[in-house]
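# Structure assessment
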Amino acid sequence: MDRLDAMHLFVRIVDLASFTKAADELQLPRASVSLAVQQLEARLGVRLLQRTTRHVSPTVDGQSYYLRCQQILQDVEEAEGACGGGMLKPRGKIRVDLQGTQALHFILPHLGEFHARYPDIELEIGLGDRFIDLVREGIDCVLRSGEPKDSSLVGRRVALLAQVTCASKAYLRRRGQPHTLDEFKTHDAVNYLGANGRSLPFEFLVQGQKRAVQLRGPVSVNSAYAYTACCLAGMGFVQVPRYHVQAHLHSGELCEVFPEWAPAPMPVWVLYPHARHLSPRTRVFIDWVAECMGRAA
């Protein structure tokens, strides 16, 4: 194993906190991984990793070496990409995680266009809203709604999505349409559970001031698909990006309330690890996602 291969192996062991996971990911025998690290430590003359039966973590020297390795590997990748006009034709695999409804509406229908533009880039796409440790899971970037809360991530805002408050026609026929926020407080909601397990309040902009209203409801969900499905089933109000329910609003299945007090648009971000320099392939993917979101939002 040459030095660059050993550096790459070491970086993945630290990222995954596991010899076994790194071996599986790189399709190497577990014994070869252990031997490579032993040889690396012997050559450097320092201990790089603390090992227990369940966990692997870098020593102080190991953490310093890890950061240098990341930079060196990135520099090598960019240098190779620059040769022969390679910066114009990025190549390699990108692992991304996209919010499900946004991916289905804005991104996935146009993947053929991305492939035609960048035929040498391979995409591995996950869909979901769950918290992801990008470094440990080897994810290059994620598409997420709301303002970023993880200080270890940086990124680019790619869209502002208009939001709507609505309920099904059947629900409003049964309960009546609210005309004030005090009346609204007496209604049911399909409550959406945030990452902390708590239901998110409804938000309105009334004369430029944000008003938050928490409603009781017969059901709580943590999926955008379930959120809309429960609303269509007459379980109560929801507050969602307009694109997600536009067809139902157009058909009359769902009805909007308080359009004059619509909440602030929802920001959408592409996020990536703070310590990771963007590879050319990740950079062009983010540019393309911003293009897709911008023309369709």
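Before reading further, recall that the structure is shown in the block above.
Definitions and limits used
Residues numbered from 1 in each chain as written. Predicted model: local features only at pLDDT ≥ 70, side-chain atom pairs only at ≥ 80, totals over all residues. Heavy atoms only, no water. Pairing = 2+ DSSP bridges. Helix = DSSP H or I, 4+ residues; strand = E, 2+ residues; numbered from the N terminus. Axes fitted to C-alpha atoms, helices over the stretch in contact; angles between N-to-C directions. Polar contact = N/O pair within 3.5 Å; in protein donor to acceptor, adjacent residues only side chain to side chain. Contact = heavy atoms within 4.5 Å. Phe/Tyr/Trp six-rings, centres within 6.5 Å; stacked < 30°, edge-to-face > 60°. Buried < 20%, exposed > 50% of the residue type's maximum accessible area, 1.4 Å probe, protein only. 1 Å grid on protein atoms, 1.4 Å probe; cavity = no way out; pocket = protein on both sides within 12 Å on 5 of 7 lines; lining within 4 Å. Points joined across faces, edges and corners; volume = space filled by probe spheres on them. Nonpolar A, V, L, I, M, F, W, Y, C, P; charged D, E, K, R; others polar.

Spatially, five strands are ordered β4-β3-β5-β14-β6 in an open sheet, and the strand pairing comes out mixed. Because the sheet does not close on itself, it has two edges, and the strands there are β4 (121-127) and β6 (153-161). Strand-to-strand, the axes of this sheet are offset by a mean angle of 20°, without reference to chain direction. Direction of pairing for strand β5 (residues 141-145) relative to strand β14 (residues 266-273): antiparallel, over a ladder of four bridges. Directly across from Arg144, in β14, lies its bridge partner Trp269.

To continue, consider the side chain of Glu41. Inspection of the secondary structure assignment puts Glu41 in helix α3 (residues 30-44). For Glu41, the side chain forms a polar contact with the main-chain nitrogen of Leu48, separated by 2.8 Å. The residues contacting Glu41, other than those within four sequence positions of it, are Val46, Arg47, Leu48, Leu49 and Arg51.

Turning next to the packing of aromatic side chains. This model, assessed by the stated rule, comprises 14 aromatic pairs. Each ring, one from Phe114 and one from Trp288, has its centre 5.0 Å from the other, and the planes form 50°; the classification is tilted. Of this pair, Phe114 sits in helix α6 (residues 111-117) while Trp288 is found in helix α12 (residues 280-296), placing the two residues 174 residues apart along the sequence. Take Phe114 and Trp288: they sit in the same class, and that class is buried. When the ring of Phe184 is compared with that of Phe237, the centres are 5.0 Å apart and the planes differ by 65°; the resulting orientation is edge-to-face. Here Phe184, found in helix α9 (residues 181-184), pairs with Phe237, found in the loop between α10 (224-232) and β12 (238-241); they are 53 residues apart in sequence, far enough to count as distant.

The subject of this paragraph is the sheet that holds strand β13 (residues 254-257). Spatial ordering of the open sheet is given by β12-β7-β13, a layout of three strands whose pairing is antiparallel. Unpaired on one side and paired on the other, β12 and β13 mark the two borders of the sheet. The average undirected angle you get between the axes of adjacent strands in this sheet is 50°. Relative to β13, strand β7 (residues 163-168) runs antiparallel, the two sharing four bridges. Across the sheet, Ala167 pairs through a bridge with Cys255, a residue of β13.

The element β7 is largely enclosed, with a buried count of six among its six residues. Of the two faces of β7, the one lined by Gln163, Thr165 and Ala167 and the one lined by Val164, Cys166 and Ser168 are each fully buried. In this structure, β7 lies alongside β12, joined through four bridges in antiparallel fashion. Paired with Thr165 across the bridge in β12 is Gln239.

The calculated volume of the largest pocket comes to roughly 1,600 Å³. Looking at the largest pocket, it is lined by 45 residues, and the ones nearest its centre are Ser145, Gly146, Lys149, Tyr192 and Leu200. A breakdown of the residues in the lining of the largest pocket according to their chemical character gives 24 nonpolar, 13 polar and eight charged.

Phi is positive for Ala17, which is not a glycine, with a value near 55°. Considering the arrangement of structural elements, one finds Ala17 in the loop between α1 (3-16) and α2 (19-26). On the accessibility criterion, Ala17 (8% relative accessible area) is buried. If you check the backbone angles, Phe258 has positive phi at about 50° while not being a glycine.

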